[in-house]
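A structural walkthrough
One letter stands for each residue in the lines below.
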Amino acid sequence: MNTASLSLDLDNLWSYMKTHGDAGWERYPSYLDRMVPLALRCLEERDLQITFFIVGLDASLAQNHQALRSIVEAGHEVGNHSFHHEPWLHLYDDSRLEDELSRAENAIVTATGVRPDGFRGPGFSLSETTLRVLARRGYRYDASTFPTYLGPLARAYYFWTAKLDAEEKKRRAKLFGSVKDGLRPLKPYRWELGERRMLEIPVTTMPVSKAPFHVSYLLFLSMRSHLAACAYFRLALGMCRLTGVQPSLLLHPLDFLGGDDCPELAFFPAMGVDGEAKRRWTGDYLDIYRKAFHVVPMGKHADLLADASLPLRKPDFPREDETATPPTEPAPQT
Ligand SMILES: [Zn+2]
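Residues numbered from 1 in each chain as written. Predicted model: local features only at pLDDT ≥ 70, side-chain atom pairs only at ≥ 80, totals over all residues. Heavy atoms only, no water.

**Quick word on the overall build of the chain**
For the chain, the helix and strand inventory stands at 12 helices and 10 strands. The 334 residues of the chain split such that 56% are buried. Nonlocal contacts in the chain, meaning residues at least 24 apart in sequence, comprise 77% of its contacts between residues at least 6 apart. Carbon and sulfur atoms provide 53% of the accessible area of the chain, an area that totals close to 14,500 Å². (Helix = DSSP H or I, 4+ residues; strand = E, 2+ residues; numbered from the N terminus. Buried < 20%, exposed > 50% of the residue type's maximum accessible area, 1.4 Å probe, protein only. Contact = heavy atoms within 4.5 Å. Areas by Shrake-Rupley, 256 points an atom, 1.4 Å probe, with all protein chains shown as cover.)

**Focus on the pairing of strand S2 (residues 51-54)**
Looking along a regular strand, one sees side chains alternate from face to face of the sheet. Burial of S2 is two-sided: the residues Thr51 and Phe53 facing one way and the residues Phe52 and Ile54 facing the other way are all buried. Here three bridges tie strand S1 (residues 3-9) to S2, and the two strands are oriented parallel to one another. Bridging across to S2, Ser7 finds its partner in Thr51. (Pairing = 2+ DSSP bridges.)

**Focus on the coordination of the zinc ion**
For a metal bound by four donors in a tetrahedral arrangement, the ideal donor-metal-donor angle is 109.5 degrees, while six donors in an octahedral arrangement ideally sit at 90 or 180 degrees. Around the zinc ion, the protein supplies Asp11 (OD), Asp11 (OD), His81 (NE2) and His85 (NE2) as donor atoms, at distances of 2.0 to 2.8 Å. Taken together, the four donor atoms coordinating the zinc ion and their angles of 51 to 132° define a geometry best described as irregular. Spacing between the donor residues of the zinc ion along the chain follows D-x69-H-x3-H. With a gap of 70 residues between them, Asp11 in the loop between S1 and helix H1 (13-20) and His81 in the loop between strand S3 (77-80) and helix H5 (94-112) connect regions that are remote in the sequence. Just as Asp11 is buried, His81 falls in that class too. (Donors = N, O, S within 2.8 Å, 3.2 Å for Na, K, Ca; no water. Tetrahedral: all angles 85-135°; square planar, octahedral: opposite > 155°, others 65-115°.)

**Overview of the side chain of Arg190**
In this structure, Arg190 sits in strand S6 (residues 189-193). Residues contacting Arg190, with those up to four places away along its chain left out, are Arg197, Met198, Leu199, Leu305, Ala306, Ala308, Leu310, Pro311, Leu312 and Arg313.

**A short note on the nonpolar core**
Membership of the largest hydrophobic core comes to 68 residues, with the highest contact counts inside it found for Leu6, Leu10, Tyr31 and Phe213. Residues in contact with Phe213, not counting those within four places in the same chain, are Thr204, Thr205, Met206, Leu218, Tyr232, Phe233, Ala236, Leu237, Cys240 and Leu249. Tyr92, Val133, Tyr189 and Phe317 belong to the second-largest nonpolar core, a separate cluster that totals 17 residues. (Core = buried A, V, L, I, M, F, W, Y, C linked by side-chain atoms within 4.5 Å.)

**Notes on the pairing of strand S7 (residues 196-200)**
Bridging between strand S5 (residues 141-142) and S7 involves two bridges; their strand directions are parallel. Looking at S7, one finds that Tyr141 is bridged to Leu199. With five bridges connecting them, S6 and S7 associate as antiparallel partners. If you follow Trp191 over to S7, its bridge partner there is Met198. Following S6, the chain reverses through two residues before pairing antiparallel with S7; Gly194 in that reversal takes a positive phi of roughly 60°.

**Regarding unusual backbone geometry**
Backbone geometry at Tyr28 places phi at a positive 50°, although glycine is not the residue there. For Tyr28, the position within the fold is in the loop between H1 and helix H2 (32-45). For Tyr28, a relative accessible area of 22% corresponds to the partly exposed category. Positive phi values are uncommon outside glycine, yet Phe124 reaches one of about 60°. Residue position: Phe124 is located in the loop between strand S4 (118-119) and helix H6 (128-136).

**A few points about H6**
Residues of H6 that are buried: Thr130, Leu131, Val133, Leu134 and Ala135. Structurally, H6 contributes buried residues whose contacts are with H5, S4, S5, S6 and S7. Following H6 by one or two positions, Gly138 has its phi on the positive side, about 85°.

**Some words on the pattern of salt bridges**
In the structure shown here, the tally under the stated rule is 18 salt bridges. For the salt bridge of Arg120 with Asp9, the shortest nitrogen-to-oxygen distance reads 2.6 Å. Taken together, the residues Arg120 in the loop between S4 and H6 and Asp9 in strand S1 connect sequence positions 111 residues apart. The exposure class assigned to Arg120 is buried, which follows from its relative accessible area of 0%. Accessibility expressed as a relative area gives 3% for Asp9, which makes it buried. Asp303 is the partner of Arg140 in a salt bridge, and the nearest nitrogen-oxygen pair spans 2.5 Å. Taken together, the residues span a long stretch of sequence, with Arg140 in the loop between H6 and S5 and Asp303 in helix H12 (residues 298-305) at a distance of 163 residues. A relative accessible area of 32% places Arg140 in the partly exposed class. Residues joined in a network through salt bridges with shared partners are Asp94, Glu98, Glu105, Arg115, Arg136 and Arg137. (Salt bridge = Lys/Arg side-chain N within 4 Å of Asp/Glu carboxyl O.)

Shown next as structure tokens:
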């Protein structure tokens, strides 16, 4: 059976509040002790092992240690999702990135006993410098690219709902990527970094159209029609099979938490649904996924690609002065 991978970006309550500009995030409110057991149960019922990309700051707080340890005790992998979870990580220079990544690694080792060797940037932020630092630190793969044309639309929605001043918006200018990201490949490749290489496993989008099909997006569709959302997901996986793409599917904490579990995040599109219904829908997608593919964690996926002859790609990130300026005025609420 064809290989596919599955991962979860363990964004915590505070990081959503911080990105959104909500007060109170500085106290680092956490839902990991509520959310992690729900996710683990859903995965265990389906005999799935995945990669949890952990935010270093959460791993540095004792209040989260039990939840984080339960992830590795259940046999899952852990990856590095940065220390501060700032979606403008692509603006960091070399030494700041070294510090950011090593702090996250150390905290994750302290919390879980495992040193991560895979990375996903917060908000899919990535730069050539990040790739070079990852290669130097011995990482085996990066999973920060999200080839879709819909990034600018997602950003427009976010700016419309977030409470941010002009300076904060400027820093978030590349959030969710640019239209150019849609041109990136869906199949794994290797970044060419002088003497070094870095394996890239993109978050998969629909072949040809590059429409997203990560689980949060599917949930958004299920709010209209769950049958249609499942049909769309089957179509996406069928397209992957047809075009020889080994998919890598992305989960988020809010795929397991409903508005009743986390009223603080009511501004998110799919928080109008209660937790139980949401977990049932997410379980349905995971059933479809594991029936169609042999599902493995990201590190296993990287192992299977280690000897493959993959295309090389030169880093193609826009320079700072090419970054589009975000809108300064939010669209009027209707
Ligand atoms: Zn994240």
